[in-house]
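As a plain string of letters, each chain reads:
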Amino acid sequence: MSNVQALSRTETAAPKRRPDRRKPADNVTGWSFAGPATVVILGFSLIPMAWALMLSFTDSDLMTPGRNVGLDNYRALFQDPVFYQALRNTGLLVVLYIPASLIAGLLVAVLLNRKVRGIGFYRACFLVPYIASATSAGLLMGYIFDRDFGLMNGLFVKLGLPVQGLLSSPSQAMFVLTLIFFWTRFGFSVVIYLAAIQEISKEVLEAAAIDGASRWATFWHIIVPSVRSMTIFLGVWGLIDALQFFDLIVTTTKGGPANSTVTIVYYVWQLAFSFFTAGYGAAVAYVLFAGTLLLIVAGLLVARRRGAMR
Amino acid sequence: MRRRLPSGWHLVLVPMSAVTVLPFVWMVLSSFMTQGELNRFPPSVWPEALDLGGYRTVLGGSDFPRWFLNSVLVSGAIVVAQLALCSMAGYAFARMRFIGSRITLVLVIATALIPFQLTVIPTFLIFNKVGLTDTLGALIVPQLSSAVGIYLMTAFFQSFPKELEEAARIDGCSRFAVFFRVVLPVAKPALAALAVITFITAWNDLFWPLVAISSEANYTVQVGLTTFQGQHKADWPAVMAGTVLTTLPVLAVFLFGQRRFVQALTGAVKG
């Protein structure tokens, strides 16, 4: 997943080794191998993508063919307070989650990159929340962070702190959900960073140690720059992940209280499958998609400029 | 550094790992509690006795076993299909040159950027049109192959030495014979990695089943558990028992195939 560039590089290198002499038989064999998988993927992505674009110009309700309403859905979006609320909630998640997962991911990966007894067990621990389903994690955390019965408030009371609203509080629910999301997802950053750190050559680290570099200097001047490409990858991945935040909301707050945990994706789902305004839902989904692409391109440009300055 | 004493790092590593897994430990503990123990404040941390009421409710008083079976069928079918289709496609993209092969691979990988939320409404309409919504088939068909799977297998076959196949080709074997008799048997590490990651993804999927399935008999375990919680708000032991049973299969697959899973995530499956 993390080496798309490498993949396309070897692809373009291939013709040099073997001059391109395609025979009709090669095409038949090639496509009979690659065809079925490709048809499923492209069929369930490109066709629905085009269809969703058409839907976004209609007032489809999922059941009857919609009327063409032109750009009305996109215009309505700018006057929709729930859309703005969803935008703010999603923005909060992105702004808190991405830096947290990058920083914590790298720190934990550094801590896990050593030979001590039982290190395999520790490493496995960080992936358990990642492999558990959002349903399990959501139901479990929904109970732990429950206002009236939850362990968290139980702990607060034991420590002499006031009971908090947590998932029932419009001002706290999105923060609690962000924390839960972080808990379920950041194991991925740990794994990716750990693999990248293990690729750093022993000689470089030993040389640094001989030169008397402190732990901090080694971390800041060797490890951080070495894993830079993974930081970019994880930033993009985290953005995609955070913008698609959905499952945990279904199993905890269902967007409440008072829409305080409605994300854009959750709103798309509500619009299409609860409110039966699929055309409008498709428009919201398209705005989300366009926004995602813009953010990714902007992020990559910033990363590239930073890289050029080094 | 220090050889004889246990490393001081344990003092850092133990609390850190505890934060990640203690909620799950408590999930198991609470599944053995009584409703009284969980519906008071603050809730119990340790069960007074092993109470099996929660498991009895979820296994005997709900459709949970049926949902579990549905999930096994759906995830199993998806894993088998992806192993077959993605390995064939990956092999073709890594080894053969044919019309449109390069652009198709780029397109396939690019689809990983398309959010499912964008395609879910039309996908639902497609299945509605052919009358497949509310069937297990609707859950299987869109996941018969995956961009991640094709990517993994392509990368694996590219890093894989060609000599073996070339010898077989010279002996006059067809591409298909070479693939099935020579290549697949040695591709086991990559296939295992793909199987682990595909199973976990398929088993945990909630969004699409939530949209595509409407009758309770066809729920997957994730959808079933979500609605079960809605209907049994006060019966937390049963809900926790359900989450334990739902988590066990992925946990087992993860522990069994941890190395392969990590390799799949980091895209570094080697022979």
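If you check an unreviewed UniProt entry, chain B appears there as Carbohydrate ABC transporter permease from Streptosporangium jomthongense. UniProt lists a comment for chain B under the heading Subcellular location (unreviewed entry), and it reads "Cell membrane".

**Student:** Any chance you could break down the overall build of chain B for me, citing the residues and the numbers?
**Tutor:** A tally of helices and strands in chain B yields 15 helices and zero strands. Taken along its principal axes, the extent of the C-alpha atoms in chain B is 75 × 70 × 30 Å. Residue burial in chain B is summarised as follows: out of 271 residues, 49% are buried. Expressed as a percentage of contacts within chain B between residues at least 6 apart in sequence, the contacts between residues at least 24 apart total 78%.

**Student:** Quick one: what's the story with the overall build of chain A, residue by residue and with numbers?
**Tutor:** From N to C terminus, chain A includes 15 helices and zero strands. Overall, chain A is about 75 × 70 × 40 Å in size when its C-alpha atoms are taken along their principal axes. Across the 310 residues that make up chain A, the buried fraction comes to 40%. Pairs at least 24 apart in sequence give 68% of the contacts found in chain A among residues at least 6 apart.

**Student:** I'd like to hear about the environment of Gly 138 of chain A, residue by residue, with values.
**Tutor:** Residues and elements named next belong to chain A. By secondary structure assignment, the location of Gly 138 is in helix H7 (residues 134-144). Taking the C-beta count within 10 Å as the criterion, Gly 138 has 28 such neighbours and is therefore assigned buried. Note: C-alpha distance between Gly 138 and Leu 248 (110 residues apart in sequence) is 5.1 Å.

**Student:** Now, about the UniProt feature "domain: ABC transmembrane type-1" (unreviewed entry) in chain B: what can you tell me, with residues and values included?
**Tutor:** According to UniProt, the positions carrying the feature "domain: ABC transmembrane type-1" (unreviewed entry) are residues 68-257 of chain B. As annotated, residues 68-257 of chain B comprises 76% helix and 0% strand, and the C-alpha atoms at either end are separated by 21 Å.

**Student:** So what's going on with the UniProt feature "transmembrane region" (unreviewed entry) in chain B? Residues and values would help.
**Tutor:** Residues and elements named next belong to chain B. Here the UniProt-annotated "transmembrane region" (unreviewed entry) positions come out as residues 12-33, 67-93, 105-127, 139-157, 178-203 and 236-256. Summarising residues 67-93: 100% helix, 0% strand, and an end-to-end C-alpha distance of 37 Å. As annotated, residues 139-157 has a helix share of 68% and a strand share of 0%, and its two end C-alpha atoms lie 29 Å apart.

**Student:** Can you break down unusual backbone geometry residue by residue, with the values?
**Tutor:** All names here are of chain A. Residue Lys 254 is not a glycine yet carries a positive backbone phi of 55°. Phi at Asn 259 is positive, roughly 60°, even though this residue is not glycine. Structurally, Asn 259 can be placed in the loop between helix H13 (247-251) and helix H14 (264-273). We classify Asn 259 as partly exposed; it has 17 C-beta atoms within 10 Å.

**Student:** Can you break down the packing of helix H9 (residues 173-199) of chain A against helix H15 (residues 258-266) of chain B residue by residue, with the values?
**Tutor:** For the pair H9 of chain A and H15 of chain B, the least separation of the axes is 10 Å and the interaxial angle reads 80°. The angle between H9 of chain A and H15 of chain B falls in the class roughly perpendicular. Two secondary-structure elements touch here, H9 of chain A through Phe 188, Val 191, Ile 192 and Ala 195 of chain A and H15 of chain B through Val 262, Leu 265 and Thr 266 of chain B. Looking at side-chain class alone, the contact of H9 of chain A with H15 of chain B contains six nonpolar, one polar and no charged residues.

**Student:** Talk me through helix H5 (residues 101-110) of chain B; I want residue IDs and the actual numbers.
**Tutor:** Residues and elements named next belong to chain B. Those residues of H5 that fall on the buried side of the exposure criterion are Ser 101, Thr 104, Leu 105, Val 108 and Ile 109. For H5, the angular spread of buried residues about the axis comes to 130°, placing them on one side. H5 presents Ile 103 and Ala 110 as exposed residues on the side facing more than 90 degrees away from its buried surface.

**Student:** Please provide a residue-by-residue account of the interface of chain A and chain B, values included.
**Tutor:** Between chain A and chain B, the contact holds 79 residues from the first and 81 residues from the second. Residue classes in the side of chain A that touches chain B are distributed as 54 nonpolar, 17 polar and eight charged.

**Student:** So what's going on with the confidence of the model for chain B? Residues and values would help.
**Tutor:** Per-residue confidence for chain B gives a mean pLDDT of 87; residues scoring 70 or more make up 96%. Among the prediction metrics, the complex's ipTM stands at 0.88, with pTM recorded as 0.88.

**Student:** Pulling in residues and values, what's your account of the nonpolar core?
**Tutor:** Formed by 164 residues in total, the largest nonpolar core has its most connected members in Val 284 of chain A together with Ala 89, Leu 152 and Leu 194 of chain B. Top contributing element to this core by residue count: helix H4 (residues 64-95) of chain B, with 16 residues.

**Student:** Kindly report on H14 of chain A, identifying the contributing residues and their values.
**Tutor:** Burial analysis of H14 of chain A places eight of its 10 residues in the buried class, which makes it a mostly covered element. Within the sequence span of H14 of chain A, burial applies to Ile 264, Val 265, Tyr 266, Tyr 267, Val 268, Trp 269, Leu 271 and Ala 272 of chain A.

Cut-offs and rules
- Residues numbered from 1 in each chain as written.
- Chains lettered and ligands numbered in written order.
- Predicted model: local features only at pLDDT ≥ 70, side-chain atom pairs only at ≥ 80, totals over all residues.
- UniProt positions renumbered as here; feature names shortened; annotations may be inferred.
- Helix = DSSP H or I, 4+ residues; strand = E, 2+ residues; numbered from the N terminus.
- Buried ≥ 20, exposed ≤ 12 C-beta atoms within 10 Å, placed from the backbone.
- Contact = placed C-beta atoms within 7 Å.
- Axes fitted to C-alpha atoms, helices over the stretch in contact; angles between N-to-C directions.
- Parallel < 35°, antiparallel > 145°, perpendicular 65-115°, else oblique.
- Nonpolar A, V, L, I, M, F, W, Y, C, P; charged D, E, K, R; others polar.
- Arc of directions from axis to C-beta.
- pLDDT = per-residue confidence, 0-100.
- Core = buried A, V, L, I, M, F, W, Y, C linked by C-beta atoms within 7 Å.

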